[in-house]
Amino acid sequence: MKQNNCKHGTENSKLKTNVKKKKNDKKGGNKKIAIAVVIIIVIILGIIAGFIYNKVSKVNFVKIDEGNLAIENKTGYRNIALLGVDTRDMNSLDGSRSDAIIIVSINEQTKNVNLISVYRDSYVDVQGHGLTKVTHAYAYGGPELALNTLNRNLDLDISEFVTVNFEIVADVVDLVGGIDIDIDKSELSQMNKYIEDTSKNVGRKANKITSVGKQHLDGIQAVTYARIRKTAGGDYKRTERMRTVLTEVFEKAKKMDAGKLNELANKVLPQVQTNIGLSEVISLIPTISSINISDSIGWPYEVKGITLDRWYGVPTTLEANVVKLHRDLFGQKDYTASDTVKTISQSIINKTGYKTTSIDITSDDSNTTNTTNTTTKNTTKTNTSKK
């Protein structure tokens, strides 16, 4: 994967979270299964598995106003946002950016799950704040504005979220017995360079990796691996690592018994904020064995870097990337972008001058503009990663 080597600007402004509230009382069997899936998937980025009644007081429930989520398009899938924040205090999220953004997209007929990593530096429109990084939406307006931003810029229908401090993944990985990951030379160097930092954050002793190839990683090692950015591919490769770890943990969690899942819940529930109700999950944890993660991608598919006040990853173009997402992952073969996406896309073009794309959103191949030399093309899949 070819990547622009541009510096990311310093981002240390204090931003305020303002979460509006509204009751969410949706029902239905498919929803319950979907939520059970999400809670297990959440395990890895700090997003978790397992809820129990006598632990309700440990979960931070947040009510949001669905009228403010800008849901215009219905995908026919259940889409839930998993948000990993850059803070260790879940009781004080003011100004916290969503360092990791993964959309769990569930086909409620087949129960297949797609994972969509949205690159944190993606240049999008945040309502009330203009064009900026998607990661800033959470800092400006908490989960409500984060969902609004994803829905407006990607034509999605997300109304539910789970927010975690993803450092908790260290505990989760240890509780599932560790995971097996292939480590290359550049990753080995970066892991051993930063593993002590992870150790200090988690509060446990770190063990360095001594060789490349297939390695059995403990929690601290897995967290360090998932957060590596300074190798070829930068943040794009980092999101691939996150999805790899998530998938490995999910496969092991599916085989855990109820007792082990309860132990897991005990450990991680205090690190969670969500608007998903507990009662819909409790009896359904055993059903996770039938769930399959069928696809895993990074979005936008094509990105070109630009330095304005800081570095941004510009979708080339937003409209083309949104159309491809809906056609490829949601099966909407004749999909055209909403007027909102088209307007935002044109605003990005006007600001950056980046107006060409190699993504064909027409039915006529002759209209495709090939710009593979100027864009970063992301074609990451779960089992067929292109390095």
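See the structure shown above.
What you see is a predicted model; the values in this text were computed from it and never measured.

Undergrad: Account for the sheet that holds strand 1 (residues 60-61), with residues named and values stated.
TA: Taken in spatial order, the seven strands make up an open sheet running 1-10-7-2-3-4-11, and their pairing is mixed. Two strands in the sheet have a free side with no partner beyond their single neighbour: strand 1 and strand 11 (292-299). Here strand 3 (residues 98-106) runs beside strand 4 (residues 112-118); their pairing, made up of five bridges, is antiparallel. If you follow I103 over to strand 4, its bridge partner there is I116. Along the sheet, helix 2 (residues 136-154) contacts strand 2 (78-85), strand 3, strand 4, strand 7 (160-165), strand 10 (272-274) and strand 11; its crossing angle with strand 2, the most-contacted strand, is approximately 140°. Sitting on the sheet, helix 8 (residues 318-329) is in contact with strand 4 and strand 11, with an inclination near 170° to strand 11.

Undergrad: Outline the packing of aromatic side chains, supporting the account with residue identities and numerical values.
TA: The full count for this structure, using the stated rule, is two aromatic pairs. Note on Y77 and F330: the rings are 5.2 Å apart at their centroids and 70° apart in plane angle, and the pair reads as edge-to-face. Within this pair, whereas Y77 is found in the loop between strand 1 and strand 2, its partner F330 is found in the loop between helix 8 and helix 9 (339-352), the two being separated by 253 residues in sequence. Of the two residues, Y77 and F330, neither departs from the other in class, the shared state being buried.

Undergrad: Got a sec to walk through unusual backbone geometry? Specific residues and values, please.
TA: The omega torsion across W299 and P300 is 0°, close enough to zero to call that bond cis. As for its placement among the helices and strands, P300 is situated in the loop between strand 11 and strand 12 (302-307). Cis geometry is adopted by the peptide bond preceding T317, which originates at T316 and carries an omega value of -15°. Mapped onto the fold, T317 is located in the loop between strand 13 (311-315) and helix 8. Despite not being glycine, D155 has its phi angle at roughly 55°, a positive value.

Undergrad: Report on the packing of helix 4 (residues 185-202) against helix 5 (residues 219-226), specifying residues and quantitative values.
TA: Where helix 4 meets helix 5, the closest approach of the two axes is 8 Å, and the angle between their N-to-C directions is 120°. Between helix 4 and helix 5, the crossing angle belongs to the class labelled oblique. The way helix 4 lies across helix 5 gives a crossing that is right-handed. Residues E187, M191, Y194, I195, T198, S199 and V202 of helix 4 form the contact with helix 5, whose own contacting residues are I220, Q221, V223, T224 and Y225. In terms of residue class, the contact of helix 4 with helix 5 is built from seven nonpolar, four polar and one charged.

Undergrad: A description of the pattern of salt bridges should follow, citing residues and the corresponding values.
TA: All told, the structure shown has 11 salt bridges when counted by the stated rule. For the salt bridge of E160 with R78, the shortest nitrogen-to-oxygen distance reads 2.5 Å. Taken together, the positions of E160 in strand 7 and R78 in strand 2 put the pair 82 residues apart, joining distant regions of the chain. For the pair formed by E160 and R78, the shared burial category is buried. For R152, the salt bridge is made with D125, and the minimal N-O distance between the two is 2.9 Å. One end of the pair, R152, is in helix 2; the other, D125, is in strand 5 (residues 123-126), with 27 residues separating them in the sequence.

Undergrad: Give me the lowdown on the pairing of strand 8 (residues 179-183), citing residues and values where you can.
TA: Side-chain alternation along strand 8 places I179, I181 and I183 on a buried face and D180 and D182 on a face that remains uncovered. One ladder, built from five bridges, connects strand 8 with strand 9 (residues 213-217); its direction is antiparallel. Across the sheet, D182 pairs through a bridge with K214, a residue of strand 9.

What counts as what
- Residues numbered from 1 in each chain as written.
- Predicted model: local features only at pLDDT ≥ 70, side-chain atom pairs only at ≥ 80, totals over all residues.
- Heavy atoms only, no water.
- Pairing = 2+ DSSP bridges.
- Helix = DSSP H or I, 4+ residues; strand = E, 2+ residues; numbered from the N terminus.
- Contact = heavy atoms within 4.5 Å.
- Axes fitted to C-alpha atoms, helices over the stretch in contact; angles between N-to-C directions.
- Phe/Tyr/Trp six-rings, centres within 6.5 Å; stacked < 30°, edge-to-face > 60°.
- Buried < 20%, exposed > 50% of the residue type's maximum accessible area, 1.4 Å probe, protein only.
- Parallel < 35°, antiparallel > 145°, perpendicular 65-115°, else oblique.
- Left-handed = near helix turned anticlockwise from the far one by under 90°.
- Nonpolar A, V, L, I, M, F, W, Y, C, P; charged D, E, K, R; others polar.
- Salt bridge = Lys/Arg side-chain N within 4 Å of Asp/Glu carboxyl O.

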